[in-house]
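One-letter residues, chain by chain:
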Amino acid sequence: MVFELCYFHSTLLERRKFKNLGWNIPYDFNDSDFDICEDVLVLYLDNYEQTPWEAIRYLIGEANYGGRVTDAWDRRLVNTYLETWYAEDALATENFKLSSLPTYYIPDDGPLQSYKDYIAQLPNFDAPEAFGQHGNADIASQIEDTNELLESILMMQPRVAGGAGSSREDIVDGVAKDLLDQVPQPIDLEQCMKAKQDDQSALHVVLFQEIERYNIMLKAVRKQLAELRKAVKGIVVMTADLDEIFVCLFDGRIPASWIKGYPSMKPLAAWSRDLVERIKQLSDWTEGTYPVVYNMGFFTFPTGFLTAVLQTSARKNSVSIDVLSWEFIINTQELKEITAPPKEGVYVGGMFLEGAGWDPELCCLQEPNAMELSLSMPVIQFKPSETKKKGSKGIYPCPCYYYPVRTGTRERPSYMITIDLKSGKAEADHWIKRGTAILLSLAS
């Protein structure tokens, strides 16, 4: 059991290298956590004839290591490891396997040197499977490290252009001009409210709020781009704010002041295309009727949209909103084949699955292909339901996040909702260790 504790401690430390697929928040576990848990093992094993597994798991996972864990999904991961390793099977099974790899197991009982010899023959570089991860997790973390390195190198480059070719000012002026052509004009909110005044739906309230937020953002972006072009030409003074935007446009990054409306990790070009698609959804809704399929990631506050769907269903069925919960139905049709909204709830598309693959025939999770770091999810019907949730067997409660930074910020948490997905051939614990989640937007 002490060997299991050593493996558990090292697993928690090593998962940090997998970035978001490892932990939502990286924690600084240290030797004192291990020492206290070792004392707990000695105390409970010496004083009880029957091994108190539940008490040991609680003290290790909730009191000691769990005392550092502030994220609910990270706490679920810690408890999953403990439930797998600190159970009767660990003692009853000879050479109990600690991972899917045959290399990692509990060695035969013996002197201390025998354990040291076993550890010495382990690989110098641990495969992701040793921690319950997939090989793609290693690739994803290495890509992220590479991007951070390249960004750092870019930031250290001299800001003075030399030699032939376009100057920095000409390049930024061209980018600003292109963005001014791409960024849509604000939507006429008053006209929209007049057109929708006969239908006082909660969803229309969300529409008005979204238009108001996007209009503030669009006006600010267009104004700053126009002022930047003037500053580049020397017509107005280049302020500190404009200089920051100038540097960001030259580097292909989104200025910090532009992502106050909604968080995004996309590069500038992808962000501008995404913004156009976001405004298009609102414009089509304004000029027509309710969308058949909503892209939940296009809302600045998707939780407000989900609450409005619940309110609409509660009023329609004359029930309290408090008794409603979500039922998630996978739609097997292609997006273009869906021509009408569902009778109850809404269709939601534009979501991405990270940390797993998807079986379109069985509508369940499966192992991803090599280099398949994320994939598009099929359209899902979000159906408000009064019925209580069924048993969780064969179901993976999958967290849904607004963007790849799963913690978000204190003001804007990234977590949106938990979506129940069929776990397929593996148990839910398998996908918990993989860090499988649904994202409403990607970093590319």
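Structure's up top.
Quick caveat: nothing in here was measured; it's all calculated off a predicted structure.

## Let's talk about the sheet that holds strand E3 (residues 346-349)
Then, in step 1: Strand order in this open sheet of four strands is E1-E3-E8-E2, and the pairing throughout is mixed. Each edge of the open sheet is held by one strand with a lone partner, namely strand E1 (293-295) and strand E2 (325-330). Shown here is a sheet whose adjacent strand axes are inclined to one another by a mean of 40°, direction ignored.
Then, in step 2: Pairing analysis gives three bridges linking E3 to strand E8 (residues 380-385), with the strands arranged antiparallel. Pairing of Val346 across the sheet is with Phe382, part of E8.

## Some remarks on the state of the cysteines
Then, in step 1: The full count for this structure, using the stated rule, is zero disulfides.
Then, in step 2: Cys37 takes part in no disulfide bond, and the closest cysteine sulfur to it belongs to Cys6, at a distance of 11 Å.
Then, in step 3: Here Cys398 stays unpaired: no disulfide links it, and the sulfur of Cys400, its closest cysteine neighbor, is 7.6 Å away.

## With respect to the sheet that holds strand E11 (residues 437-439)
Then, in step 1: Spatial ordering of the open sheet is given by E7-E4-E11-E9-E10, a layout of five strands whose pairing is mixed. Edge positions in the sheet fall to strand E7 (374-376) and strand E10 (415-422), since each has one partner strand and no second. Strand after strand, the sheet turns through a mean of 30° between neighbouring axes, direction not considered.
Then, in step 2: Of the strand pairs in this sheet, strand E9 (residues 395-401) and E11 are connected by two bridges, and their pairing is parallel. Counterpart to Tyr401 in the pairing with E11 is Leu439.
Then, in step 3: Its contacts with the sheet place helix H4 (residues 72-85) against E9 and E10, and it is angled at close to 150° to E9.

## Focus: the nonpolar core
Then, in step 1: Judged by nonpolar contacts, the single largest core of 110 residues is most densely connected at Phe8, Tyr86, Leu249, Trp258, Phe305, Phe382 and Ile419.
Then, in step 2: Top element by residues in this core is helix H10 (residues 202-232). It accounts for 14 residues.
Then, in step 3: Setting aside anything within four residues of it in sequence, one finds Phe305 in contact with Leu203, Val206, Tyr294, Met296, Phe299, Val346 and Val348.
Then, in step 4: Counting residues in hydrophobic clusters, the runner-up holds five residues, among them Trp73, Ala437, Leu439 and Leu442.

Cut-offs used in this document
- Residues numbered from 1 in each chain as written.
- Predicted model: local features only at pLDDT ≥ 70, side-chain atom pairs only at ≥ 80, totals over all residues.
- Heavy atoms only, no water.
- Pairing = 2+ DSSP bridges.
- Helix = DSSP H or I, 4+ residues; strand = E, 2+ residues; numbered from the N terminus.
- Axes fitted to C-alpha atoms, helices over the stretch in contact; angles between N-to-C directions.
- Disulfide = S-S within 2.5 Å.
- Contact = heavy atoms within 4.5 Å.
- Core = buried A, V, L, I, M, F, W, Y, C linked by side-chain atoms within 4.5 Å.
- Buried < 20%, exposed > 50% of the residue type's maximum accessible area, 1.4 Å probe, protein only.

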